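Okay, here's what each chain looks like letter by letter:
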Amino acid sequence: MGGQDWRRVAFALVAAGWGANQFAPMLLVYRAERGLTEQSVTGIFAVYVAGLVPALLLAAWWSQTHGKRPMLRISTVLMLLGSLLLLVGADAPWLLFVGRVVGGVGIGFAMGPGTAWLKDLSVGELPGTGARRAALALTAGFALGPLAAGLLAQWLPGPLVLTYAVHLVVQAIATVLVWNVPEDARGDGPTPSVGRVVRHVTSPWFLRLVLLTAPWVFGCASVSFAVMPSVIGPLPGLPRVAAAGALAGLTLGTSVLLQPSMKRWATSHPGRVTGLGMGVTAVGMGLATAASLAPAWWWLPLIAVELGSAHGLVLVGCMTTVELNTPSELMAATTAVTYCLTYIGFLSPWVIAVLSLVGPPWLALAAGAGIALVTTVWVAAQRAPTG
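All values derive from a computational prediction rather than experimental measurement.

The rules behind the values
Every chain's residues receive numbers from 1 upward, in the order its sequence appears when written. In view of the model being predicted, local features appear only for residues whose pLDDT reaches at least 70, and side-chain atom pairs are presented and counted only at 80 or more, with totals across whole chains, interfaces and linings using the full set of residues. Side-chain metrics rest on all non-hydrogen atoms present in the structure, leaving aside hydrogens and water. In what follows, a disulfide is any cysteine sulfur pair within 2.5 Å. We define a salt bridge as a side-chain nitrogen of Lys or Arg found within 4 Å of a carboxyl oxygen belonging to Asp or Glu. Where helices and strands are cited, they refer to DSSP runs of H or I of at least four residues and of E of at least two residues respectively, numbered from the N terminus. Here's how the labels work: a residue is buried when its accessible area is under 20% of the maximum for its type, exposed when over 50%, partly exposed in between, all with a 1.4 Å probe on protein chains only. Between N or O atoms, a polar contact is any pair within 3.5 Å; within protein, one atom must be a potential hydrogen donor and the other a potential acceptor, and residues adjacent in sequence are included only when both atoms are from side chains. Think of the arc as the fan of directions from the helix axis to the C-beta atoms. Should any heavy atoms of two residues lie within 4.5 Å, those residues are considered in contact. Each residue after the first adds 1.5 Å to the expected span of a helix. Here the bend at a residue means the angle between the axes of two seven-residue stretches, the one that ends at it and the one that starts at it. Structural elements are reduced to axes, namely lines fitted to C-alpha atoms, with helices fitted over the stretch in contact, and the angle between N-to-C directions of any two is expressed from 0 to 180 degrees. Should an angle fall under 35 degrees it is called roughly parallel, over 145 degrees roughly antiparallel, and 65 to 115 degrees roughly perpendicular, with every other angle called oblique. Rotating anticlockwise by less than a right angle from the far helix to the near helix defines a left-handed crossing, while the corresponding clockwise rotation defines a right-handed one. Each residue gets one label: Ala, Val, Leu, Ile, Met, Phe, Trp, Tyr, Cys and Pro are nonpolar, Asp, Glu, Lys and Arg are charged, and the others, such as Gly, are polar.

## Notes on the state of the cysteines
One covalent bond between the sulfur atoms of two cysteine residues makes up a disulfide. All told, the structure shown has zero disulfides when counted by the stated rule. The closest cysteine sulfur to the non-disulfide-bonded C318 is located on C220, 11 Å from its own sulfur.

The following block contains the structure:
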């Protein structure tokens, strides 16, 4: 395999992440231009997880016997179809629901096999390099999607068409680049039994360093761009749609900028990277609590940088820990389980909203800060896994 083939696979992950997260700032546009209710747009936003989770698990198993390249091929086609459905569905909410589910299945087929494939394509480099490349590529896509969508929807005509048309171009390029990337073998051998995977993801190292921390990856990020704007209010001088995209871009963009610097440290001390990330999370949740008590617009970028840093640290720590302790034949399945755990974090805005029905928002945010602090102490007390 060529030494630069990993870049083509990484670009496919960027494009998939872009398509998966481009819908976030569009919630405001559908409310304003199509009069959709809050329940409708948040339902369309959330339904994508219904496609993502089963696809993550299925693709992880199928890639063992059919190879990783076919999974990425399926992903690119589904991501194209998902954006096309969103593009033509502006006046048909049911098409938006279908498009989001299709996009969820598409990103699900990319994440586990893509991460495992990048591990294969990074042989000969520092251990953990493949996992970090995958985490960086996905995070870059997750950041670029809402940033581009917010800017396009705010200042250019036809936002309900142009936003998705731009992603279609990006995704088409990714499809061409990844389609014929060579793969050493058709798969990693026989599909591992469910029992073997379950035993692996219930190993002490996974329970100590991944299970309790992975949900914070998107838990802290979604607090930044999905909770705090409603608690504090919009950024002054910046229209709401652009601000929503910019805040998501700043949060996840900070993660993108931070992740490469963790390369060597994460290889030697993945648990410490995870512990540091949890400590940064606790501080970020503490800042969010203070912001809810004394609202001011300048809290928003400060919290975005803090919780974006937490996102990057916890993600790199978890994924590097997984790669260093997982055999090749279990890599796709273990990665899929890990990503499923990270997506639990998307429930955090809903949990905070429910708790806010019985008390002020700062109580829910303070509870989150306390849980993050306890988790930090727990992770710091753990011994490094032996592999």
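After that view of the structure, there is still more to cover.
## Side note on the pattern of salt bridges
Scanning the model with the defined rule gives four salt bridges in all. Note that R8 and D5 form a salt bridge whose closest N and O atoms lie 3.2 Å from each other. With R8 and D5 both in helix α1 (residues 5-21), this residue pair falls three residues apart, about one helical turn. A relative accessible area of 27% means that R8 is categorised as partly exposed. Given the relative accessible area of 8%, D5 is considered buried.

## Concerning the side chain of N325
With respect to the helices, strands and loops of the structure, N325 is situated in the loop between α15 (299-324) and α16 (328-343). Engagement of the side chain of N325 in a polar contact is seen with the backbone oxygen of T321, the distance being 2.8 Å.

## Side note on helix α9 (residues 194-201)
For α9, the full list of buried residues reads V197, H200 and V201. What you see down the axis of α9 is that its buried residues fit within an arc of 90°, all on one side. The secondary structure elements touched by the buried residues of α9 are α4 (48-66), α10 (204-211) and α16.

## Here we look at helix α6 (residues 93-121)
Given a rise of 1.5 Å per residue, 29 residues ought to cover 42 Å, and the 41 Å separating the end C-alpha atoms of α6 matches this to within 8%. By the largest-angle criterion, G114 marks the main kink of α6, which is about 30°. Judged by how many residues are buried, α6 sits mostly within the fold: 22 of 29 residues are covered.

## Things to note about the packing of α6 against α16
Put simply, α6 and α16 touch, their axes get as near as 8 Å, and they point 135° apart. Relative to α16, the element α6 is oriented oblique. Viewed along their axes, α6 and α16 form a crossing whose handedness is right-handed. Each of M111, G112, T115, A116, K119 and D120 in α6 lies in contact with α16, whose residues at this interface are S328, M331, A332, T335, Y339 and Y343. For the contact of α6 with α16, the residue count by class is six nonpolar, four polar and two charged.

By themselves, these figures tell us nothing about what the structure is for.
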